[in-house]
Amino acid sequence: MKTTFTQSSISTITQELHLANQQFLHQYPGGTHDRQPVHTVYGGAQIFSSDTAKKMSGVALKNLKEYAPDAKTLMLALGEEKAELELWSKIYSRIEKKLVEEAVEDFRIDYEDGYGTRPDAEEDGHAETGALEVAKGIEQNSLPPFLGIRIKPFSEECHKRSIRTLDIFLTTLLNRTGGKLPPNFVVTIPKVTHPEQISALVGLLEILEKNHRLSVGTLKFEFMVETPQSILGSQGNSPLRSFVEAGKGRCVGAHFGTYDYTAGCGITAHYQTMINPVCDFAKHVMQVSLMGLPVLLSDGATNVMPVGPHRVMEGKPLSGTQIQENKAVVHRAWKLSYDHIRHSLATGFYQGWDLHPAQLPIRYAATYAFFLEALHSASDRLKGFVEKAAKATLLGDVFDDAATGQGLLNFFLRALSCGAITQDEALKTGLTIEEIQSRSFMKILERRR
């Protein structure tokens, strides 16, 4: 075949293209395929203990059994009247199992909004006791698989208090454990407005690592997107990427703060919800700014708690009317939370906040329904992609749909890790568990060649 191009005539062009491609790959190294928890549960530091996760598990299961003793009740409470009862029976049994075995996937010991402003001596004490409880939890193996602390923001008003809490907590913990941290430990910095706040946090973490002889980069952090200025900066662009870059490889997550953000946009309290369009805009900016980086994204929380207005007083049980009123209130809150979580999942946010153990059953109801409704279709598609790739390889052709294959593989990784599907259901893809756990569609294809 005749061609026009020669190696020498296009060498300058291809070299420039190569350099530009390498620069792009450096700037966008790719997202992480590590396990992402489906939620982060926030709780005030003043009430945290080594068995908090276990206690929350008991409350969550009790709440489920009291207000939805069977699958049909739960299905109807969440507005799924037209759904298949067989599917919801499966969802219900898996929620029960999850609440017993691992109700809390991620917990944040909160020294910010869930803790409030307290005298310095009191916060000092809670910073120390919180660390000691974490150390105790490490010994007892009672901590959730992901854990961290949320400090106060690095604003002019709060940064000194925040730094002291960070210092007391980590110094106490590392001294007690001999330099050992819980798995997946992270520091959450809220209300970030400029990258210098991140740089300051990184500098503090570097000092802690050096003084406690930790490997460089051991201490990780996540930041919270809670202000309009973190979405659109003074120069008219999004500063979110600069926050990650200021982290020098330590940033593992970015969490959206629904209520601070909507308040900052002038939204009145009645309309400050997770599905307000201003939230969708902000979260989409988060996605387009941070996709292609190893940073996990999280949505916010539903702040309407599923707690009935009537409580049992000593020696005085609730009346039938009070029981029904409690049930109605809880079901309304459940439905609101369910709709919010399904919206998050549909828009690509697979993690959110939970503020009360009574919300946990609905976190898993929404998540499991999301995955199980699409399970058969996803299984068939992934199986087809793998088979198509193998045939293309045998024919010497090129298979160019790996991105879709990776997306489907991620579906199964997320569904397996949170308990939505079983290993037997995952095997219907035609892949082995080892292949799925490799977390790379391209590696699967390479090995099968």
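Our structure is the block above this text.
Residues numbered from 1 in each chain as written. Predicted model: local features only at pLDDT ≥ 70, side-chain atom pairs only at ≥ 80, totals over all residues. Heavy atoms only, no water.

Caption draft 1: Region of the structure containing the overall build of the protein chain. In terms of helices and strands, the protein chain carries 18 helices and eight strands. Taking 449 residues into account, the globule formula puts the C-alpha radius of gyration at 22 Å, and the protein chain, at 24 Å, falls close to it. Relative to its full complement of 449 residues, the protein chain shows a buried share of 48%. Pairs at least 24 apart in sequence give 78% of the contacts found in the protein chain among residues at least 6 apart. Accessible area for the protein chain stands at about 22300 Å²; split by element, carbon and sulfur atoms hold 55% of it. Distance between charge centroids for the protein chain: 3 Å, based on 48 positive and 51 negative side chains. (Helix = DSSP H or I, 4+ residues; strand = E, 2+ residues; numbered from the N terminus. Rg over C-alpha atoms; globule rule 2.2 N^0.38 Å. Buried < 20%, exposed > 50% of the residue type's maximum accessible area, 1.4 Å probe, protein only. Contact = heavy atoms within 4.5 Å. Areas by Shrake-Rupley, 256 points an atom, 1.4 Å probe, with all protein chains shown as cover. Lys, Arg positive; Asp, Glu negative; His and termini not counted. Charge placed at Lys NZ, Arg CZ, Asp CG, Glu CD.)

Caption draft 2: How the structure looks around the packing of helix α2 (residues 52–67) against helix α4 (residues 85–102). It is the contact of α2 with α4, at a shortest axis distance of 8 Å, that shows an interaxial angle of 155°. The orientation of α2 with respect to α4, classified from their angle, is roughly antiparallel. Touching Ser57, Ala60, Leu61, Leu64 and Lys65 of α2 are Tyr92, Ile95, Glu96, Leu99 and Val100, all from α4. (Axes fitted to C-alpha atoms, helices over the stretch in contact; angles between N-to-C directions. Parallel < 35°, antiparallel > 145°, perpendicular 65-115°, else oblique.)

Caption draft 3: Broad picture of the nonpolar core. Counting 112 residues, the largest nonpolar core has Leu74, Trp88, Phe169 and Phe223 as the members making the most contacts within it. Per-element accounting of this core gives the leading share, ten residues, to helix α13 (residues 360–373). Ignoring sequence-local partners within four residues, the contact set of Phe223 consists of Ile189, Val192, Ile198, Leu240, Phe243, Val244, Cys251, Gly253, Ala254, His255 and Leu290. (Core = buried A, V, L, I, M, F, W, Y, C linked by side-chain atoms within 4.5 Å.)

Caption draft 4: Inspection of the side chain of Ser57 at higher detail. Here Ser57 shows up in helix α2. According to the relative accessible area criterion, Ser57 is buried, its value standing at 12%. Those residues in contact with Ser57 that lie beyond four places of it in its chain are Leu99, Val100 and Ala103.

Caption draft 5: Just the sheet that holds strand β7 (residues 296–298), in detail. If you trace the eight strands from one edge of the open sheet to the other, you get β7-β6-β5-β4-β3-β2-β1-β8, paired in parallel fashion. Looking at strand neighbours, the two that pair on one side only are β7 and β8 (352–354), the edges of this open sheet. When strand polarity is set aside, the average angle formed by the axes of neighbouring strands in this sheet is 25°. As judged from the five bridges shared by strand β5 (residues 220–225) and strand β6 (residues 251–256), these two strands associate in the parallel manner. Opposite Val225, over in β6, you have Phe256 as the bridge partner. Lying over the sheet, helix α7 (residues 195–211) contacts β4 (185–189) and β5, oriented at roughly 160° with respect to β5. (Pairing = 2+ DSSP bridges.)

Caption draft 6: Representation of the packing of aromatic side chains in the model. Enumeration over the complete set of coordinates arrives at 14 aromatic pairs. Aromatic side chains Trp88 and Tyr338 sit 6.2 Å apart centroid to centroid with 55° between the ring planes, which places their arrangement in the tilted category. A residue pair is termed long-range when its members are at least 10 positions apart, and Trp88 in helix α4 and Tyr338 in helix α12 (residues 320–346) qualify at 250 residues. For Tyr338, a relative accessible area of 2% translates into the label buried. Cluster of aromatic residues (ring-pair linked, three or more members): Tyr350, Phe370, Phe371, Phe411 and Phe412. In this arrangement the basic side chain of Arg118 is found over the ring face of Tyr115, its NZ or CZ atom lying 4.4 Å from the centre. (Phe/Tyr/Trp six-rings, centres within 6.5 Å; stacked < 30°, edge-to-face > 60°. Lys NZ or Arg CZ within 6 Å of the ring centre and 35° of its normal.)

Caption draft 7: Summary view of helix α18 (residues 441–448). Looking only at α18, the buried set comprises Phe441, Ile444 and Leu445. Buried residues of α18, viewed axially, fall in a sector of 95°; they line one side. (Arc of directions from axis to C-beta.)

Caption draft 8: Spotlight on a nonpolar patch on the surface. A cluster of nonpolar side chains, Phe24, Leu25 and Tyr28, forms an exposed patch at the surface whose accessible area comes to about 290 Å². Looking at the secondary structure, you find Leu25 in helix α1 (residues 7–27). (Patch = residues over 30% accessible without salt bridge, like charges linked within 9 Å, V, L, I, M, F, W, Y side chains within 5 Å. Salt bridge = Lys/Arg side-chain N within 4 Å of Asp/Glu carboxyl O.)

Caption draft 9: The arrangement of empty space enclosed by the protein in detail. Evaluated as defined, the whole model comprises three cavities of 30 Å³ or more. Around the largest cavity, the lining residues are Gln36, Val38, Leu345, Tyr350, Thr367, Phe371, Arg414, Ser417 and Cys418. When contributions to the lining of the largest cavity are tallied by element, the ones reaching two or more residues are α13 and α15 (402–418). The greatest single-element share of the lining of the largest cavity, amounting to three residues, is contributed by α15. Classifying every residue of the lining of the largest cavity gives five nonpolar, three polar and one charged. (1 Å grid on protein atoms, 1.4 Å probe; cavity = no way out; pocket = protein on both sides within 12 Å on 5 of 7 lines; lining within 4 Å. Points joined across faces, edges and corners; volume = space filled by probe spheres on them. Nonpolar A, V, L, I, M, F, W, Y, C, P; charged D, E, K, R; others polar.)

Caption draft 10: Summary view of the environment of Leu204. The residue Leu204 is located in helix α7 in this model. The class for Leu204 is partly exposed, based on a relative accessible area of 22%. Separated by 37 residues in sequence, Leu204 and Asp167 have C-alpha atoms that sit 8.5 Å apart.

Caption draft 11: Spatial organisation of the pairing of strand β3 (residues 146–150). Within β3, five of the five residues are buried, which leaves the element mostly enclosed by the surrounding structure. Residue alternation in β3 divides its side chains into two sets, Phe146, Gly148 and Arg150 and Leu147 and Ile149, and both sets are buried. Both strand β2 (residues 106–110) and β3 contribute to a ladder of five bridges, which runs parallel. Bridging from a neighbouring strand, Asp110 pairs with Arg150 of β3. Handedness of the crossover joining β2 and β3 through helix α5 (residues 120–140) is recorded here as right-handed. Two elements, β3 and β4, share four bridges in a ladder whose sense is parallel. Note that in β4 the partner of Leu147 across the bridge is Phe185. In this view, the connection linking β3 to its parallel neighbour β4 by way of helix α6 (residues 159–177) has right-handed handedness. (Right-handed = clockwise from strand over helix to strand, strands pointing away.)

Caption draft 12: Quick peek at the pairing of β2. The buried fraction of β2 is high, at five of five residues. The two faces of β2 match: Asp106, Arg108 and Asp110 on one face and Phe107 and Ile109 on the other face are all buried. Sheet topology note: the strand β1 (residues 39–44)/β2 ladder contains four bridges and is parallel. Of the residues in β2, the one forming a bridge with Gly43 is Ile109.

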